[in-house]
Amino acid sequence: MILNKATGIRIDGKKHMSKTTPMHEYLNPRFVYLPLIQQNSPLKRTVEVGDTVKIGQTVALREGFGAMPIHASVSGKVTAIKKVWHASGRMVDALEIENDHQNALDDAIRPEPDPSLFTREELVNKMVNAGLSGLGGAGFPTYVKYLAKTPIDVVIINAVECEPYITCDYVMIEKYPEKLLKGLQYFMRAADAKRGVICFKNYNVGIIEALKPLLSHYPNITLFPVKDLYPAGWEKYLVQQVTGRSYPNLPVEAGAIVNNSGTAIVYADVVEHNIPLISRAITISGEGVKEPKNFLVPIGTPVKELIALCGGYADGLDPAKSYYIAGGPMTGRAIMIDELIVNDTLGSVIVKPMPAERNHPACLGCGRCADVCPVFLAPTEIQRAFEMNDKDAVRSLNASKCMQCGLCSYVCPSHIEISDFVFRAKELLRK
Ligand code: SF4
Ligand code: SF4
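Every chain begins its residue count from 1, and numbering advances along the sequence as written. Lettering for chains starts from A, numbering for ligands starts from 1, and both go in the order in which the items are written. With the structure being a predicted model, the display of local features is reserved for residues of pLDDT at least 70 and the display and counting of side-chain atom pairs for 80 or more, all residues being used for whole-chain, interface and lining totals. As a convention, hydrogens and water are excluded, and side-chain values are obtained from all of the structure's heavy atoms.

With respect to the sheet that holds strand β2 (residues 31–35)
Across a sheet, strands are paired by hydrogen bonds formed along the backbone, either parallel or antiparallel in direction.
Consideration 1: The strand order across the open sheet built from 4 strands is β2-β9-β8-β5, with neighbouring strands paired in antiparallel fashion. Of all strands in the sheet, those bounded by a partner on one side alone are β2 and β5 (52–53).
Consideration 2: One bridge is not enough; two strands pair if DSSP finds at least two bridges between them. Each helix is a run of H or I in the DSSP string that is no shorter than four residues. Each strand is a run of E no shorter than two, and both are numbered from the N terminus. Pairing between β5 and strand β8 (residues 76–85): 2 bridges, direction antiparallel. When the sheet's bridge partners are listed, V53 is paired in β8 with G76.

Below is the structure:
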C-alpha cells in the first residue's frame, strides 16, 4: 500500500531556525551517559565501575537479535551506573563515564591501507563490529538489512528529513559530502547492489551543490529530489518512488535497502578507519531556545549542555514551563524535563513553551484525520475501539498498519492527539 491523497501534505518546516548555522562540534563533554538499552534490548555491560576506558573500546554487548558491541564515546573512567532520561520517554540505566580529555583511542581504531579490497562479508562484519545502527530514528542494527538472501538492486539513502525543525542530516551532508558518497558506495558493495540513490527534499539545493561536483567519481550513484510534502521520507514511499515496486513488510522484498544519510557518513569512517558508532549529529531547535543549532556530539552527551551552547532558553521562557520533544514534532515523544541524553536514535530535541491549558477538546467529526492518513486508517474509530478495549475491532480497523507519522494529530482542528490513541491501540494488539 502506498501514500494516498497523491503524496501527503505540505507542513510548515521551520527549518530556517537551524539550517544556516554551521555544524558545531562539541566533542568533549565532562561526562557521557551510555544507555544500557538499545531499541528494547537491554545491553550486557562488559566493564565495571572504576575501570578506565578508551574511545572505541567495547563497554557493553547487545545480545540476541541484532547482537553487536557498544563502544565508549570518550576516554576516561567509568564512574557510576545511573538512571537517565532516554529518547524512548523513560528512565533507563546508563554507564556514566568521566572524560579524562586525553582522547585515548582503542587499538582497533586505525586506518585501513586499502578499503577497496574488502569482500562483501568483511564489509558486513565491519557494520557488526562498529555497533552500527540506523541514525534516522529507529536504531535498527544496520548489518541485519545486509544479511538478506534476496538480490538487492539499489541502496537508497534517505536524506529527506521530513519533519519540521530538523536539519542535522542536511548540515552533515553539506559538511561531509564525500563521506556520504563513500559510505553509500561501501553499502552498495556490501549488498552487491548495482546502483545507489540519494533522496532529499527538492528545496535543499545545498545538497545538490555539495554532491554534484563529486558525482563524476561515483557513476552508479544518482540524486533523487522528492516533493516538499509530509511524509515523503517514509521508507515505503521512497522505495516505491525509486524502484516502482511496493512491498508488504521489508524493502528487501522490493530489491532495496534504505539507510539514513548520517549512517552512511559514519559507515565511511567505519570502513576506512575502524571508528565505531561513537558520535552523531543532533538538531537543538524550537521556539524555546535562543539560537537553534546543529551539533556533532559523542553518544551519551547531556542535552542540557547543548541547550546552554544554544545561548540557553529563549528570553522570558521558564524552563519549568517548557517541554522537550525527543525526535521530530510529528513522531517524537514529549518529555517534561531537560535531563535527556543523546543516544543513537536521538536526532533532534525541540524545545517548546508549554501551551496554555485547554478545555478537554471535543471531536468535531470533521473526518480530516482519516482524509490525510497515508495508509487509509480511520483514527477516530480506532480511538473508540481502543477506549472500549475491543481488541477485535482494533485489529479489524488495521491499527497495526499505522506508520506513526502523526499527520492525523497535526491536521485536527480540535488539537486532539488522535495519533496517540492509534499508537496505544497498536500496542494493545502487541500485548
Ligand atoms: S499517525 Fe497513523 S493513523 Fe495517524 S495519519 Fe499517520 S498513519 Fe494514519
Ligand atoms: S480531525 Fe480531529 S476533530 Fe476531526 S474527526 Fe479527527 S479527531 Fe475529530
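Here we look at the environment of F65
Consideration 1: Within the secondary structure layout, F65 lies in the loop between β6 (58–62) and β7 (68–71).
Consideration 2: Taking C-alpha positions, F65 is 25 Å from A399, a pair spaced 334 residues apart along the chain.
Consideration 3: Contacts: residue pairs with any heavy atoms within 4.5 Å of one another. Aside from chain neighbours lying at most four places away, what touches F65 is F140, P141 and V144.

Section: the domain arrangement of the protein
Consideration 1: When the domains of the protein are assigned, the result is domain 1 (16–21 + 110–273), domain 2 (24–99), domain 3 (280–353) and domain 4 (368–430).
Consideration 2: The start and end points of each domain follow an automatic or database-based domain assignment. For domain 2 and domain 3, the distance between their C-alpha centres works out to 20 Å.
Consideration 3: At the junction of the two partners, domain 2 supplies 19 residues and domain 3 supplies 24 residues.
Consideration 4: A buried area of about 1,700 Å², summed over both sides, lies between domain 2 and domain 3, and 65% of it is on carbon and sulfur atoms.
Consideration 5: Of all residues in domain 2, the largest losses of buried area upon contact with domain 3 belong to H24, Y26 and W85, amounting jointly to 39% of the total for that side.
Consideration 6: Salt-bridge detection follows one rule: a side-chain nitrogen of Lys or Arg within 4 Å of a carboxyl oxygen of Asp or Glu. Between the two partners, domain 2 and domain 3, sit 0 salt bridges.
Consideration 7: For the side of domain 2 that touches domain 3, the secondary structure elements donating two or more residues are β1 (24–25), β2 and β8.
Consideration 8: Here the side of domain 2 that touches domain 3 takes 5 residues from β2, the largest share from any one element.
Consideration 9: Only Asp, Glu, Lys and Arg are considered charged, only Ala, Val, Leu, Ile, Met, Phe, Trp, Tyr, Cys and Pro nonpolar, and every remaining residue, Gly among them, polar. Of the residues that constitute the side of domain 2 that touches domain 3, the class distribution is 12 nonpolar, 6 polar and 1 charged. When two components associate, each loses some accessible surface as probed by a 1.4 Å sphere; the sum of these losses over both components is called the buried area.

Here we look at the sheet that holds strand β18 (residues 348–353)
Consideration 1: Taken in spatial order, the 6 strands line up as β1-β15-β14-β18-β16-β17 in an open sheet, and their pairing is mixed. Sheet topology places β1 and β17 (333–335) at the edges, where each strand pairs with a single neighbour.
Consideration 2: Relative to β18, strand β16 (residues 322–326) runs antiparallel, the two sharing 5 bridges. The residue of β18 that forms the bridge with Y324 is V351.
Consideration 3: Orientation is described by axes fitted as lines to C-alpha atoms, over the contacting stretch for helices, and by angles from 0 to 180 degrees between their N-to-C directions. Of the strands in this sheet, β1, β14 (279–285) and β15 (293–298) touch helix α4 (residues 168–175), which is tilted by about 125° from β14.

Description of the packing of helix α2 (residues 120–129) against helix α5 (residues 177–191)
Consideration 1: Orientation of α2 relative to α5, taken along the N-to-C sense of each, is 120°, at an axis distance of 8 Å. Put simply, α2 runs oblique to α5. Here α2 and α5 pass one another in a crossing that is left-handed. Across the interface between the two elements, R120, L123, V124 and M127 from α2 touch Y186, F187, R189, A190 and A191 from α5.
Consideration 2: Partitioning the contact of α2 with α5 into residue classes produces 7 nonpolar, no polar and 2 charged. Angles are sorted into four bins: roughly parallel if under 35 degrees, roughly antiparallel if over 145, roughly perpendicular if 65 to 115, and oblique for all others. Helix crossings fall into two classes, left-handed where the near helix is turned counterclockwise from the far one by less than a right angle and right-handed where it is turned clockwise.

Considerations on empty space enclosed by the protein
Gaps left between atoms are located by rolling a probe of water-molecule size over the structure's atoms.
Consideration 1: The way it works is a 1 Å grid over only the protein atoms, where trapped points that fit a 1.4 Å probe form a cavity and open points with protein on both sides within 12 Å along at least five of seven lines form a pocket, and then any residue with an atom within 4 Å of a point lines it. Grid points are joined across faces, edges and corners, and a volume is the space filled by probe spheres set on the points. Tallied over the entire structure, the rule returns 4 cavities of 30 Å³ or more.
Consideration 2: Of the volumes computed, that of the largest cavity is approximately 180 Å³.
Consideration 3: What lines the largest cavity is a set of 15 residues, among which P35, Q38, I70, I299 and D344 lie closest to the centre.
Consideration 4: Among the elements of the structure, β2, β3 (37–38) and β7 are those that each provide at least two residues to the lining of the largest cavity.

Observations regarding the packing of aromatic side chains
Think of a pair of aromatic rings as described by two things: how far the centres are apart, and how the planes are tilted against each other in angle.
Consideration 1: Think of it this way: a Phe, Tyr or Trp ring, Trp meaning its six-membered ring, pairs with another when their centres are within 6.5 Å, and the plane angle makes it stacked under 30 degrees, edge-to-face over 60, tilted otherwise. On inspection of all chains with the given rule, the structure shows 6 aromatic pairs.
Consideration 2: Summarising the aromatic geometry, the rings of Y313 and Y324 are spaced 6.5 Å apart at their centres and angled 75° between planes, so their arrangement reads as edge-to-face. Here Y324 lies in strand β16 and Y313 lies in the loop between α9 (303–309) and β16, a separation of 11 residues in the sequence. In this structure, Y313 and Y324 share a single accessibility class: buried.
Consideration 3: Grouping aromatic residues by their ring pairs yields a cluster made of Y146, Y186, F187 and Y267. The classification of residues rests on relative accessible area computed with a 1.4 Å probe and restricted to protein chains. Under 20% of the type maximum is buried, over 50% is exposed, and intermediate values are partly exposed.

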